[in-house]
Amino acid sequence: MTITPAPTTLTPDQFNATAARIEAEVSKIIIGQADVIRHTLLAIIANGHVLLEGLPGLGKTSLVRAFADALDLRFSRIQFTPDLMPADIVGTDILEEQESGRRAFRFQAGPVFANIVLADEINRASPKTQSALLEAMQERTVTVLGRTYKVQSPFFVLATQNPIDMEGTYPLPEAQLDRFMFKLNVGFPDADALATILDQTTGDKTTSAQRVADASTLLAMNAYARQVPAASAVVRHAAALISATHPESDLAPELVRKYVRYGSSPRGAQALLLGARSLALLSGRFNVAIDDVRSLAAAALRHRILLNFEGQADGIRTDDVVQAALSATSA
């Protein structure tokens with residue numbers, strides 16, 4: 001049985017201080033990726049999942065481990081490969097002999113039963129195996145041989161993928177992508193950040209993230225962030241932004257009408273508002289501003305927009321579509 005820690009009570013100052021300490025600890029490990037750290041923290045506070053896309057060696061795995069250490073959460077890593085099976089992720093029933101001499105089935109939990117699950121190179125496994133995470137990501141449960149088990153709470157999937165090496169990979173289906181709150185592009189650090197990384201990783205000193213919070217604190221932060229009010233104008237702006245990504249909408253700009261096959265789902269709007277609530281708190285405000293919503297548009301929508309053939313042929317990026325939607329809905 002999974003026991004969920006009882007949430008503690010937080011004040012605004014405690015919320016901001018805890019979030020700042022988490023960022024500081026992770027920033028000791030991950031140099032030059034402040035935006036990625038901030039957006040990952042926003043998703044974790046909002047109880048959402050994150051897809052990290054970037055070339056090998058940019059610290060994606062280290063980022064996930066650093067968050068697990070700073071939050072004192074149970075961590076598991078799943079290396080996705082073409083021969084990985086769904087049972088390798090969720091677990092299976094095994095037959096074992098009991099003390100009485102009789103044999104019985106016992107459920108052997110898989111690595112998905114952790115607080116932070118790193119799905120490393122998630123697009124290298126087959127769609128059948130990728131789909132093993134769908135139920136856990138949405139319902140926080142796993143069904144094996146007709147029995148349903150709850151995963152631990154809090155529960156986050158942080159997945160990585162390489163944007164260039166497409167040989168032997170299976171693109172994530174739209175339904176799976178839609179379950180990630182944010183998709184973050186992990187870029188190459190600048191020269192100063194790279195020099196700091198080299199100094200930190202090639203010497204005789206090791207750096208690790210220290211614990212600054214725990215599961216109960218994180219659950220309390222999630223509950224507190226959901227109390228942040230969003231005015232009707234802010235909610236309508238988020239809805240308009242989502243509508244502007246759909247080619248059949250009256251709000252859609254020309255680029256969307258020409259190059260987009262399907263726009264963002266309602267989950268995109270939910271991601272915008274949930275992230276904006278946490279961002280408002282980190283900015284020292286107890287109300288959501290329209291700018292909070294707009295600043296998260298790329299992270300929340302870039303993986304929820306499906307280009308048509310013409311858009312793919314012309315090299316249009318989904319970030320271009322998001323920018324066009326932002327321009328179409330600007331005040």
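This structure is a prediction, so every number in the text was calculated from the model and none was measured.

What counts as what
- Residues numbered from 1 in each chain as written.
- Predicted model: local features only at pLDDT ≥ 70, side-chain atom pairs only at ≥ 80, totals over all residues.
- Heavy atoms only, no water.
- Helix = DSSP H or I, 4+ residues; strand = E, 2+ residues; numbered from the N terminus.
- Rg over C-alpha atoms; globule rule 2.2 N^0.38 Å.
- Contact = heavy atoms within 4.5 Å.
- Areas by Shrake-Rupley, 256 points an atom, 1.4 Å probe, with all protein chains shown as cover.
- Lys, Arg positive; Asp, Glu negative; His and termini not counted.
- Charge placed at Lys NZ, Arg CZ, Asp CG, Glu CD.
- Phe/Tyr/Trp six-rings, centres within 6.5 Å; stacked < 30°, edge-to-face > 60°.
- Buried < 20%, exposed > 50% of the residue type's maximum accessible area, 1.4 Å probe, protein only.
- Pairing = 2+ DSSP bridges.
- Axes fitted to C-alpha atoms, helices over the stretch in contact; angles between N-to-C directions.
- Core = buried A, V, L, I, M, F, W, Y, C linked by side-chain atoms within 4.5 Å.

This next bit is on the overall build of the chain. The number of helices and strands found in the chain is 16 helices and 11 strands. In terms of overall size, the chain behaves like a compact globule, its C-alpha atoms giving a radius of gyration of 21 Å where 331 residues would be expected to give roughly 20 Å. For the chain, the C-alpha atoms occupy an extent of roughly 75 × 45 × 45 Å along the three principal directions. For the chain, the share of sequence-separated contacts (at least 6 apart) that also reach a separation of at least 24 residues comes to 76%. Total accessible area computed for the chain in this model is approximately 16000 Å², and 52% of it derives from carbon and sulfur atoms. For the chain, the distance from the average position of its 31 positive side-chain charges to the average position of its 35 negative side-chain charges is 5 Å.

Turning to the packing of aromatic side chains, a few remarks are in order. Counted by the stated rule, this structure contains four aromatic pairs. Taking the centre distance of 5.7 Å and the plane angle of 40° together, the rings of Phe15 and Tyr224 count as tilted. Of the two residues, Phe15 sits in helix H1 (residues 12-29) while Tyr224 sits in helix H9 (residues 215-225), which places them 209 residues apart along the sequence. Tyr224 shares its class with Phe15; the two are buried. Ring plane angle 75° and centroid distance 5.8 Å describe the contact between Phe107 and Phe113, whose orientation is recorded as edge-to-face. Pair check on accessibility: Phe107 and Phe113 agree, each one buried.

Each neighbour pair has its own omega, and for Ser153 with Pro154 the value is 0°, a cis peptide bond. Mapping Pro154 onto the fold places it in the loop between strand E7 (147-150) and strand E8 (156-161). A positive phi is found at Glu121, a non-glycine position, where the angle reads about 50°. On the accessibility criterion, Glu121 (27% relative accessible area) is partly exposed.

Within the element layout of this structure, His237 appears in helix H10 (residues 232-243). Accessibility expressed as a relative area gives 11% for His237, which makes it buried. What His237 contacts, discounting residues up to four positions off in sequence, is Ile290, Arg294 and Thr329.

Next up on the list: the sheet that holds E8. With parallel pairing, five strands are arranged side by side in an open sheet as E2-E5-E8-E1-E9. Across the chains shown, the open sheet's two edge strands, defined by having one partner strand only, are strand E2 (75-79) and strand E9 (182-185). Here the strands of the sheet are splayed against their neighbours by 20° on average, with no regard to which way each runs. In this sheet, E9 lies alongside strand E1 (residues 50-53) in parallel orientation, the contact comprising four bridges. The partner of Val50 across the bridge, within E9, is Phe182. Of the strands in this sheet, E1, E8 and E9 are in contact with helix H2 (residues 34-45), which crosses E9 at around 165°. Relative to strand E5 (residues 116-120), helix H3 (residues 60-71) is tilted by about 175°, and along the sheet it contacts E1, E2, E5 and E8.

What follows deals with the nonpolar core. In terms of nonpolar packing, the biggest core is built from 75 residues, with Phe15, Val26, Phe67 and Phe182 touching the most fellow members. Here the element with the most residues in this core is helix H12 (residues 266-282); it accounts for nine residues. Those residues in contact with Phe15 that sit more than four places away from it in its chain are Leu10, Ile45, Met221, Tyr224, Ala225, Leu281 and Leu282. Within the second largest apolar cluster, 28 residues are counted, among which are Ile78, Val112, Leu133 and Leu172.

Turning our eyes to something else, we now look at the pairing of E5. With five of five residues buried, E5 is to be regarded as a mostly interior element. Residues of E5 alternate between two faces, with Ile116, Leu118 and Asp120 on one and Val117 and Ala119 on the opposite face, all of them buried. Inspection of the sheet shows E2 paired to E5 by five bridges, in the parallel sense. In the sheet register, Arg77 faces E5, and the bridge partner there is Leu118. Pairing geometry for E5 and E8, over four bridges, is parallel. Bridge pairing in E8 places Ile116 opposite Phe156.

Note that all results are geometric; they support no functional claim without further evidence.
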